[in-house]
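Coordinate inspection notes
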Amino acid sequence: MSAIQASRGTRDILPGEVGYWQRVESIAREILGRAAYQEIRTPIFEQTDLFERGVGEATDVVSKEMYTFQDRGDRSLTLRPENTAGVVRAFVEHHLHAQGGVQRLWYLGAMFRYERPQAGRQRQFHQLGVEVLGSSDPRADAEVVVIAAELLQAIGLKDLRLEFNSIGDQRDRQHYREALITYLMPYKADLDSDSQDRLTRNPLRILDSKDQKTQAILQEAPSLLDYLSPESQQRFERVQQLLIDSGISYNINSRLVRGLDYYTHTVFEIQSDDLGAQATVCAGGRYDGLVTDLGGPETPAVGWAIGLERLILLLQQLQPPIAPTLDFYIVSRGDRAEAQALKLAQLFRNTGFSVELDLSGSAFGKQFKRADRSGAVACLILGDAEAEDETVQLKWLASGEQQAIAQADLPKMTDELRQQIDRWRC
Ligand code: ATP
Ligand code: MG
């Protein structure tokens, strides 16, 4: 019978690689915790309506990429393609706004989009994201950008670029939209087919086209920045000043529009040249209209999402995999010795050591070979003789030094053993 493989566009994260994920997750927890962001966990599937309303029917995500299905009760459900809509739904549903002030939230989890799989693009992928709800202050925009930069730096990434833009408010965009359509109409036949489709439905997205001919036509297109109202312009400048004051450099990219409908004013992406075609690691912006679109009270908001697969691809280029550390490997043979070894493993675990117990029952020689390969600092050895007089042989694997210790003495030797292990490690 042929073996079943993981579904197209999904990947197993195997033990050899999971250290990268754990490192990123723990740094994220720490940095976001220090900035007073709180974690929120929302369901992986939601009612399809949520994304149609919250992300926008004209977006690629909703029109082409969603995993939507009818459940057995004939409800239309969708595996979340992103998590801002879900977080805002929870914010409204649980009246988090009633707590007043600013809510700073973060999430981490799997997202699902039906896309053509390639490096850095999967059908199940993971995002780490933040959402700051309840502040229209430009400092909130600056704060989320600064935190993204700090996080990526703490993780060890280098050579990242911050692309920054303002897409104004709905009115600015309406004016620009008309100007863009007027400009592009005469070139319609020369645009790539996706852009032709978007010309009336979602013309701003054409700015995002990867097609060279379309990009050439766009060279002379009107710039969104010329359509910002004086207030929007002022806001844009204020956020930029705050970024400069925080020591963050950026490029203004007037073509940057982002794919999702809900953005207003600030939009940004953090990109890397080391990812090939999938250059964007982090993307975000302000979305002042979304909370009301989803039935909540007027609540300005700003956030971002980092694509963790892309981040980890970059990290793998920079750092070797992180292996877990092991303190003791326990080797035993014979019924009584094996029973005592199981108990010793428990004792050592409970005193804070990491311990691997050899379960093979094979000859000592084979067990010793595995001990050497395990990366443990020391080996505990129990045979019939040790079982008989309730001792254990402690062997330091780097030097081969060995000593017999009474099992009863082990609990009071914890500190001494910890110090010796630390010495051998460095
Ligand atoms: P792209 O233009 O690459 O399709 P996007 O605009 O659709 O990105 P967002 O919806 O803004 O992406 O998602 C934020 C981040 O999540 C992206 O910048 C990327 O790092 C990551 N991401 C998005 N889609 C995928 C995917 N299919 N596989 C892996 N990561 C993804
Ligand atoms: Mg996409």
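Residues numbered from 1 in each chain as written. Chains lettered and ligands numbered in written order. Predicted model: local features only at pLDDT ≥ 70, side-chain atom pairs only at ≥ 80, totals over all residues. Heavy atoms only, no water.

1. Points about helix H4 (residues 84-93)
Counted residue by residue, H4 has 9 buried out of 10 residues, so it is predominantly covered. Every buried residue belonging to H4 is among Thr84, Ala85, Gly86, Val87, Val88, Arg89, Ala90, Phe91 and Val92, and all of these are buried. At its buried positions, H4 is contacted by strand E2 (45-47), helix H2 (48-54), strand E5 (103-112), strand E6 (124-133) and helix H10 (290-293). Looking one or two residues beyond H4, the residue adopting positive phi is histidine 95, at roughly 50°. (Buried < 20%, exposed > 50% of the residue type's maximum accessible area, 1.4 Å probe, protein only. Helix = DSSP H or I, 4+ residues; strand = E, 2+ residues; numbered from the N terminus. Contact = heavy atoms within 4.5 Å.)

2. Notes on the packing of aromatic side chains
Counted by the stated rule, this structure contains 11 aromatic pairs. Where phenylalanine 45 meets phenylalanine 69, the ring centres are 6.5 Å apart and the plane angle is 80°; that geometry is what we call edge-to-face. You can see phenylalanine 45 sitting in strand E2 and its partner phenylalanine 69 sitting in strand E3 (residues 67-70), a full 24 residues away along the chain. An aromatic cluster is present here, built from Phe164, Phe236 and Tyr250 joined pairwise through their rings. Sitting above the plane of the tyrosine 114 ring, arginine 123 keeps its charged end 4.0 Å from the centroid. For the cation-ring pair, lysine 395 lies above phenylalanine 368, with the distance from its terminal atom to the ring centre recorded as 5.1 Å. (Phe/Tyr/Trp six-rings, centres within 6.5 Å; stacked < 30°, edge-to-face > 60°. Lys NZ or Arg CZ within 6 Å of the ring centre and 35° of its normal.)

3. Some words on the packing of helix H1 (residues 15-34) against helix H11 (residues 308-318)
Interaxial distance between H1 and H11 falls to 10 Å at its minimum, and their mutual angle equals 115°. The orientation of H1 relative to H11 falls into the category roughly perpendicular. Read as a crossing pair, H1 and H11 show a hand that is right-handed. Here H1 contributes Glu17, Tyr20, Trp21 and Val24 to the contact with H11, which in turn contributes Leu308, Glu309, Leu311, Ile312, Leu315 and Gln316. (Axes fitted to C-alpha atoms, helices over the stretch in contact; angles between N-to-C directions. Parallel < 35°, antiparallel > 145°, perpendicular 65-115°, else oblique. Left-handed = near helix turned anticlockwise from the far one by under 90°.)

4. Quick word on the environment of lysine 64
Within the secondary structure layout, lysine 64 lies in helix H3 (residues 60-64). The class for lysine 64 is partly exposed, based on a relative accessible area of 45%. A C-alpha to C-alpha distance of 8.6 Å links lysine 64 and arginine 113, two positions 49 residues apart in sequence. Residues within four places of lysine 64 in sequence aside, it is in contact with Tyr114 and Asp194.

5. Side note on the domain arrangement of the protein chain
How big an interface is tends to be expressed through the accessible area that disappears when the partners come together. In terms of domain boundaries, the protein chain breaks down into domain 1 (15-169 + 229-318) and domain 2 (326-425). On a C-alpha basis, the centres of domain 1 and domain 2 stand 48 Å from each other. (Domains from an automatic or database assignment.)

6. Let's talk about the site of ligand 1
The environment of ligand 1 is formed by 14 residues, the closest being Arg113, Glu115, Arg121, Gln122 and Arg258. With respect to ligand 1, the side chain of arginine 113 contributes an N or O atom lying 2.8 Å from an oxygen atom. Between ligand 1 and the protein, one listed contact pairs an oxygen atom with a side-chain N or O atom of arginine 121 at 2.8 Å. Relative to its unbound accessible area of 580 Å², ligand 1 is 89% covered by the protein chains. If you list the elements that add at least two residues to the shell around ligand 1, you get E6, strand E10 (280-286) and strand E11 (301-307). (Near = heavy atom within 4 Å. Polar contact = N/O pair within 3.5 Å; in protein donor to acceptor, adjacent residues only side chain to side chain. Areas by Shrake-Rupley, 256 points an atom, 1.4 Å probe, with all protein chains shown as cover.)

7. Regarding the sheet that holds strand E15 (residues 391-396)
Within the open sheet, the 5 strands sit side by side as E13-E12-E14-E15-E16. Their pairing is mixed. Looking at the sheet topology across the chains shown, the edges are occupied by strand E13 (355-357) and strand E16 (402-406). The average undirected angle you get between the axes of adjacent strands in this sheet is 25°. Across 5 bridges, the pairing between E15 and E16 is antiparallel. From the neighbouring strand, leucine 394 faces E16, where its bridge partner is glutamine 403. In this fold helix H13 (residues 364-373) packs onto strand E12 (326-332) and strand E14 (376-382), with an angle of close to 175° to the strand it touches most, E12. Against the sheet, helix H15 (residues 414-425) makes contact with E12, E14 and E15, and its axis sits at roughly 110° relative to E12, the strand it touches most. (Pairing = 2+ DSSP bridges.)

8. Observations concerning the pairing of E5
In the case of a regular strand, side chains alternate between the two sheet surfaces. When you tally the buried positions in E5, you get 8 out of 10 residues, the bulk of the element. The pairing of strand E1 (residues 38-39) with E5 spans 2 bridges and is parallel. Within E5, the position partnered with glutamate 39 by the bridge is tryptophan 106. Bridge count for E5 against E6 is 10 bridges, and the pairing is antiparallel. Bridge pairing links arginine 104 to valine 132 in E6.

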